[in-house]
Amino acid sequence: MTLPLALSNQRVQRLRRLIGRRDERRMEGVLVVEGAVLILEAAEAGWEIESQFVAPGTDPLEVGGEILKLAEGVLERVASTDSPQPILAVVRRRAVDPGIIGSADFVVVADGVSDPGNLGTMLRSAEGSGADALVVTPGTVDYTNPKVVRASAGSIFRLPVVEVSDVSELALSGLVPIGTSSHGATAYTDLDMTRRIALVLGNEPRGLSADTNVAEWVTIPLQGQVESLNVAMACAVLCFEVARQRRSGSDTVASP
């Protein structure tokens, strides 16, 4: 009979490093998924489940991978949440063809977005509105961060994530980079979103720099004394305006 794994076990210590260190996840080409629902979504999307770490009293999932049972209290000490789900999985990251940008009609770009919850929510909005990919630039939080995975609610397993060194690379692929601004730009309902576009959203407190390599600027007009929206909220509003315009099938912008 195999004894449950203690905190000092090498496999548990590896799991702990994968949860806490971006470099470890990148080097091994994996991410850590918490909870049965997300693990099942990863498997259904075709991602390889390498291993499952299971708390006492919990049954493993029928999704493959080595089953590793944990001793009492171990999961709580390695997980990244205060009240973790009773099962974690190490999942092999699926390769993404960077050439997807060349054939994409609509991508969402996270340029220096630092909050993992925001990036995960942006993934959900991008997938839900029909984007072809999420693009990330240097300075953006690691998309394999466990908090990003949770906030994406499974979208990370279905929507390709592409890394670029600069927004200017998107224009070389024929996309029109559209930057978001809190003022001094075209209202989002007045801009033609039916073209091949890259919707670029910036860092939470600072937004996009004025010298960001974008072709046009768009804004969401606000009422009252509100200066700007949270980046994930702005992303959702803009993404679904893209979807609305494309559903209309018109090359001119309709009134909202």
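Just above sits the structure.
Calculation rules
Residues numbered from 1 in each chain as written. Predicted model: local features only at pLDDT ≥ 70, side-chain atom pairs only at ≥ 80, totals over all residues. Heavy atoms only, no water. Buried < 20%, exposed > 50% of the residue type's maximum accessible area, 1.4 Å probe, protein only. Helix = DSSP H or I, 4+ residues; strand = E, 2+ residues; numbered from the N terminus. Arc of directions from axis to C-beta. Contact = heavy atoms within 4.5 Å. 1 Å grid on protein atoms, 1.4 Å probe; cavity = no way out; pocket = protein on both sides within 12 Å on 5 of 7 lines; lining within 4 Å. Points joined across faces, edges and corners; volume = space filled by probe spheres on them. Nonpolar A, V, L, I, M, F, W, Y, C, P; charged D, E, K, R; others polar. Phe/Tyr/Trp six-rings, centres within 6.5 Å; stacked < 30°, edge-to-face > 60°. Pairing = 2+ DSSP bridges. Axes fitted to C-alpha atoms, helices over the stretch in contact; angles between N-to-C directions.

## Digging into helix α3 (residues 36–44)
- Considered for burial, the residues of α3 that qualify are L38, I39 and A42. Axial view of α3: buried residues confined to an arc of 100°, hence all on one face. Facing away from the buried side of α3, by more than 90 degrees, are the exposed residues V37 and E44.
- Each element contacted by the buried residues of α3 is listed here: β1 (30–34), β2 (48–54), β4 (87–92) and α7 (146–152).

## Notes on empty space enclosed by the protein
- On inspection of all chains with the given rule, the structure shows 1 cavity of 30 Å³ or more.
- Of the pockets and cavities examined, the largest cavity occupies roughly 50 Å³.
- Secondary-structure elements contributing two or more residues to the lining of the largest cavity are β1 and α7.
- Of the residues that constitute the lining of the largest cavity, the class distribution is 7 nonpolar, 1 polar and 2 charged.

## Digging into the layout of surface pockets
- Here the largest pocket is characterised by a volume of approximately 460 Å³.
- What lines the largest pocket is a set of 24 residues, among which T180, S181, S182, G207 and S228 lie closest to the centre.
- If you list the elements that add at least two residues to the lining of the largest pocket, you get β10 (197–202), β11 (216–219) and α9 (231–248).
- By residue class, the composition of the lining of the largest pocket is 11 nonpolar, 10 polar and 3 charged.
- In this structure, the second largest pocket spans a volume of roughly 250 Å³.
- Considering the residues around the second largest pocket, the lining is formed by 16 residues, among which R94, A95, V96, Y143 and V161 are closest to the centre.
- When grouped by side-chain class, the residues that make up the lining of the second largest pocket number 11 nonpolar, no polar and 5 charged.

## Remarks on the packing of aromatic side chains
- Per the stated rule, a full pass over the model turns up 1 aromatic pair.
- When the ring of W47 is compared with that of F157, the centres are 5.2 Å apart and the planes differ by 75°; the resulting orientation is edge-to-face. In this pair, W47 sits in the loop between α3 and β2 while F157 sits in the loop between α7 and β7 (161–163), placing the two residues 110 residues apart along the sequence.
- Classification of W47 by relative accessible area gives buried; the value is 9%.
- For F157, a relative accessible area of 1% gives the class buried.

## Notes on the sheet that holds strand β5 (residues 106–111)
- Reading across from one edge, β7-β6-β5-β10-β8-β11-β9 is the order of the 7 strands in this open sheet, with parallel pairing throughout. In this open sheet, the two strands that pair with only one neighbour each are β7 and β9 (186–187).
- Relative to β11, strand β8 (residues 176–180) is paired through 3 bridges, and the arrangement is parallel. Directly across from G179, in β11, lies its bridge partner W217.
- The sheet strands contacting helix α6 (residues 116–128) are β5, β6 (133–136), β7 and β10, and the helix crosses β5 at an angle near 170°.

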